[in-house]
Each structure stands twice: as C-alpha cells, then as structure tokens.
Amino acid sequence: MSRLEIKIRQKNGEYKKYEQNWVPTRKLLEALDIGPENYPEIKEMNEKQAEFIASVFDDKEVTKDAILDGVAAWEFAPFVDGFLEKLMGVDPNLEAEEQ
C-alpha cells in the first residue's frame, strides 16, 4: 500500500492514479513553508502548492502543469488539503469522529 496517492485527470478525460511510497521528512518541512505568510497572492500560492505536490512524486508524469490542468478548479483546495493531511499523517477518520 502506498503512503501517498493522487488522481489526476488526463487529456483523454480518464483519471490516472499516482502513488509514492517514500517521502523524506524534508518534504514535510518544505510544505510548512507554503502558506499565505510566504505567498500572499493566492495565484502564486496555488502554483507553489501544485509545484510542491509534483516534487513529492518520483513519477515524471506528475508535474505542476499536469496537476493544474488535471484537477478541477472547485476540487483544487480539497485536493491540496487532502494531500497535505496524508503527508502529515493526519487520519481523516479521527477528525470525522471528533465532529
């Protein structure tokens, strides 16, 4: 089982799943620097988030452009949030139980 996975819509309209089994802690530290305090413009922050997510995957098909073109606009924030939760080891089931 992979630790991280994302699904990106391909040009043909089908979704492709990408998996990453190993991510060094340094990537977690990089993620913590991507926020409004360092990127006050939302456009710049969204581009940096996509670039960062792509950098976590070894698969060269996962690029900033592949993410920006393959994730629906209304799904981008949940896509990023879900990815970061997985990266940080947050269990979404625990959060649902607390609410």
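Here, the structure is the one placed above.
Overview of the structure. Predicted, not measured: the structure shown is a model, and the values here were computed from it.

Points about the packing of aromatic side chains
Any pair of aromatic rings gets described here by the distance separating the centres and the angle formed by the planes. In this structure the tally under the stated criterion is two aromatic pairs. Ring geometry for Phe 52 versus Phe 83: centroids 6.4 Å apart, planes at 75°, classification edge-to-face. Here Phe 52, found in helix H2 (residues 42-56), pairs with Phe 83, found in helix H4 (residues 76-88); they are 31 residues apart in sequence, far enough to count as distant. Note on accessibility: Phe 52 and Phe 83 belong to one class, buried.

Focus: H2
If you check H2, its first and last C-alpha atoms are 21 Å apart, about what 15 residues at 1.5 Å a residue would give, namely 21 Å. Considered for burial, the residues of H2 that qualify are Met 45, Gln 49, Ala 50, Phe 52, Ile 53, Ala 54 and Val 56. If you follow the buried residues of H2, they end up packed against strand E1 (4-9), strand E2 (15-20), helix H1 (25-32), helix H3 (64-70) and H4.

Things to note about the packing of H2 against H4
One way to put it is that H2 packs onto H4 with a least axis distance of 11 Å and a crossing angle of 45°. Relative to H4, the element H2 lies oblique. Here H2 runs over H4; the crossing is left-handed. Within the contact between the two elements, H2 uses Asn 46, Gln 49, Ala 50, Phe 52, Ile 53 and Val 56 and H4 uses Phe 76, Phe 79, Val 80, Phe 83, Leu 84 and Leu 87.

Focus on H4
Given a rise of 1.5 Å per residue, 13 residues ought to cover 18 Å, and the 18 Å separating the end C-alpha atoms of H4 matches this to within 8%. Three or more residues of H4 are buried, namely Phe 76, Phe 79, Val 80, Phe 83 and Leu 87. Down the axis of H4, the smallest arc covering the buried residues is 95°, so these residues share one side. Those residues of H4 that are buried lie in contact with E1, H1, H2 and H3. Gly 89 lies just past H4 and shows a positive phi near 80°.

Basis of the calculations
Residues numbered from 1 in each chain as written. Predicted model: local features only at pLDDT ≥ 70, side-chain atom pairs only at ≥ 80, totals over all residues. Heavy atoms only, no water. Phe/Tyr/Trp six-rings, centres within 6.5 Å; stacked < 30°, edge-to-face > 60°. Helix = DSSP H or I, 4+ residues; strand = E, 2+ residues; numbered from the N terminus. Buried < 20%, exposed > 50% of the residue type's maximum accessible area, 1.4 Å probe, protein only. Expected span 1.5 Å × (residues − 1). Contact = heavy atoms within 4.5 Å. Axes fitted to C-alpha atoms, helices over the stretch in contact; angles between N-to-C directions. Parallel < 35°, antiparallel > 145°, perpendicular 65-115°, else oblique. Left-handed = near helix turned anticlockwise from the far one by under 90°. Arc of directions from axis to C-beta.

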